[in-house]
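Reading the structure
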Amino acid sequence: MLDFLKEKPMNIVCIEDVFVTASEMENSIRNSKVNVNKVSSVFWGSDTKNGTQKMLLNVETHGPEAEPYPEDLEKYLGDCDVLLTHIAPIPSAVIEKAPQLKAILTCRGGLEHIDLKKCAERNIPVVNVIRNAIPVAEMTIGFMIGISRCFGFAHYEMMNGRWNRDFPNSGFSMTLSNMKIGLIGLGNIGIEVAKRLKPFECEILAYDPFADKKRLERNGLDNIKLIEKMDDVISQADIVSLHMRLVPETEKIFDARCFSLMKPTAYFVNTARGGLMDYDALIDVLKRHAIAGAALDVYNSEPLDPDSGLIGLDNVLLTPHIGGQTEDAIPKAPRLLMKEVDKIIENNITERIANLKDIKL
Ligand SMILES: NC(=O)c1ccc[n+]([C@@H]2O[C@H](COP(=O)([O-])OP(=O)(O)OC[C@H]3O[C@@H](n4cnc5c(N)ncnc54)[C@H](O)[C@@H]3O)[C@@H](O)[C@H]2O)c1
């Protein structure tokens, strides 16, 4: 399907950032089946992880035009055959300035940073990789146990010299095996969470209007109860966990009404995106102890404002957007991506050509 990548020598342009280096990108591409002529590289984003994450959130919410692409990219576009990016935006202007562009490779699952409409017009395949679903899934399970067993509060008490075993939520501490877990969104991460929950023997309810039942079966997840209405998952679950992408249709989807449907003994977990929920509504239910607690890795504005109403609450577990941040995930994403590219070149396995349905190969 992507045979052209090995047939003729390709000019590759890598767009590095603070998370993924150009040298990792270049090494990965040189160790792959791709026939390489020359490799050039440019840098995108801020020189800090926080600054770059902020720019990425803007691109994810408002599309590839929301942040500028690297200025010096233009000097390499004239003879560029393949663009290799992590999170740098690829708007239509970049594609227009690259007349011989044949493929875009991106070291992440989300595609909000790439103008897919323009790619379809030019018949350019976009290959992506799922590189941090497992770290986020593991973090989510950690959150479920951490918040329901009061890890954060217990740690805080001990650090302050107190041996306190009486927590605000002691009355709601349960084993996962006796809980109903409600997953909202069953994509890459939702599925990895469900796979890891299976050995805990808890009941898993899920809402995803586009759930791929065959994919669930392939992953041995016939134990999941797919529920037609999100409200029914929210009102029955002992832990509600969000796993959908932030797009205009899902912005603030989890609002005050949703929180009011939760059981007073239930916990809320969000390792997906802050923009999916109404933070004022969450703070309100937490302050009133109208739900048991919340574990959050993501916020409506990052870094979290030190004056946020979340700070100081006794029923939250907070982390600074580190769900996907393990050493074996993001920095090494180019290697994983090029393995996917090799699978396409060698075996015609097309699962990771993200826009396959929009192009002709
Ligand atoms: N905390 C972190 O560091 C971190 C790292 C990576 C990804 N994420 C986030 O995790 C989330 C999930 O990522 P993913 O790779 O699994 O995404 P994905 O695209 O694979 O899955 C999203 C799922 O949501 C479903 N969906 C769409 N609309 C829905 C709706 N209205 N209600 C319920 N489900 C709906 C889709 O059908 C899809 O199955 C994203 O928000 C992503 O940005 C967080």
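Residues numbered from 1 in each chain as written. Predicted model: local features only at pLDDT ≥ 70, side-chain atom pairs only at ≥ 80, totals over all residues.

Below, the discussion takes up the overall build of the chain. Within the chain, the secondary structure is distributed over 14 helices and twelve strands. Over its C-alpha atoms the chain spans a radius of gyration of 22 Å, differing by no more than 12% from the 21 Å that the globule rule assigns to 361 residues. With respect to the three principal axes, the spread of C-alpha positions in the chain is 65 × 45 × 35 Å. The burial tally for the chain puts 43% of its 361 residues in the buried class. (Helix = DSSP H or I, 4+ residues; strand = E, 2+ residues; numbered from the N terminus. Rg over C-alpha atoms; globule rule 2.2 N^0.38 Å. Buried ≥ 20, exposed ≤ 12 C-beta atoms within 10 Å, placed from the backbone.)

The subject of this paragraph is the site of the ligand. Every one of the 30 residues lining the ligand counts as a neighbour, but G187, I189, F210, G323 and G324 are closest to it. Elements with a contribution of two residues or more to the shell around the ligand: α7 (133–148) and α9 (188–197). With three residues, the top contributor of residues to the shell around the ligand is α9. Of the residues in the shell around the ligand, the class split is 13 nonpolar, 13 polar and four charged. (Near = placed C-beta within 6 Å. Nonpolar A, V, L, I, M, F, W, Y, C, P; charged D, E, K, R; others polar.)

Among the nonpolar cores identified, the biggest contains 55 residues, and A194, I204, I239 and Y267 are the most heavily contacted of them. Sorting elements by how many residues they give to this core places α7 first, with six residues. Non-local contacts of Y267, meaning those with residues more than four positions away in its chain, are made with I147, S148, I239, A292, G293, A294 and A295. With 51 residues, the next largest nonpolar core counts V34, L56, Y69 and L337 among its residues. (Core = buried A, V, L, I, M, F, W, Y, C linked by C-beta atoms within 7 Å. Contact = placed C-beta atoms within 7 Å.)

Residues of strand β4 (residues 103–106) alternate between two faces, with A103 and L105 on one and I104 and T106 on the opposite face, all of them buried. Of the pairings in the sheet, the one linking strand β3 (residues 82–85) to β4 comprises four bridges and is parallel in character. Each bridged residue has a counterpart across the sheet, and for T85 the counterpart in β4 is T106. Summarising the sheet, β4 and strand β5 (residues 126–127) pair through two bridges and their orientation is parallel. Across the sheet, the residue bridging to L105 is V127, located in β5. Traced from β4 through helix α6 (residues 116–122) to β5, the parallel crossover comes out right-handed. (Pairing = 2+ DSSP bridges. Right-handed = clockwise from strand over helix to strand, strands pointing away.)

This part takes up the sheet that holds strand β8 (residues 225–226). If you walk across this open sheet you meet the seven strands as β8-β7-β6-β9-β10-β11-β12, and the pairing is parallel. Only two strands of the sheet have a single neighbouring strand rather than two, namely β8 and β12 (316–318). Sheet topology places strand β6 (residues 180–184) next to strand β9 (residues 239–242); four bridges connect them, and they run parallel. Residue G182 lies in a different strand from β9, and its bridge partner there is V240. Most of the contacts of α9 go to β6, to which it runs at about 165°, and overall it touches β6, β7 (203–207) and β9. (Axes fitted to C-alpha atoms, helices over the stretch in contact; angles between N-to-C directions.)

Attention now moves to the packing of helix α2 (residues 22–30) against helix α14 (residues 333–347). Where α2 contacts α14, the two axes come as close as 8 Å, and the packing angle between them is 25°. Comparing their axes, α14 and α2 come out roughly parallel. Crossing hand, α2 versus α14: right-handed. Where α2 approaches α14, its residues E24, M25, S28 and I29 are matched on the opposing element by P334, R335 and M338. Across the contact of α2 with α14, the residue classes tally to four nonpolar, one polar and two charged. (Parallel < 35°, antiparallel > 145°, perpendicular 65-115°, else oblique. Left-handed = near helix turned anticlockwise from the far one by under 90°.)

What follows covers the sheet that holds strand β2 (residues 36–43). Strand order in this open sheet of five strands is β2-β1-β3-β4-β5, and the pairing throughout is parallel. If you trace the sheet from one side to the other, it starts and ends with β2 and β5, each paired once.

Domain annotation of the chain identifies domain 1 (4–131 + 330–358) and domain 2 (133–318). The straight-line distance from the C-alpha centre of domain 1 to that of domain 2 is 32 Å. Contacts between the two partners involve nine residues from domain 1 and, on the opposite side, seven residues from domain 2. Class assignment of the residues belonging to the side of domain 1 that touches domain 2 gives a composition of two nonpolar, five polar and two charged. (Domains from an automatic or database assignment.)

A few words now on the pairing of β2. As paired strands, strand β1 (residues 10–16) and β2 are joined by seven bridges and run parallel to one another. Considered in β2, the bridge of I12 is made with V39.

Turning to α14, a few remarks are in order. If you check α14, its first and last C-alpha atoms are 21 Å apart, about what 15 residues at 1.5 Å a residue would give, namely 21 Å. Those residues of α14 not exposed but buried are A333, P334, L337, M338, E340, V341, I344 and I345. Buried residues of α14, seen end-on, are gathered within an arc of 150° and therefore sit on one face of the element. Exposed residues lying more than 90 degrees from the buried face of α14 are E346 and N347. Buried residues along α14 sit against α1 (4–7), α2, β4 and β5. Phi turns positive, to about 60°, at N348, one or two residues after α14. (Expected span 1.5 Å × (residues − 1). Arc of directions from axis to C-beta.)

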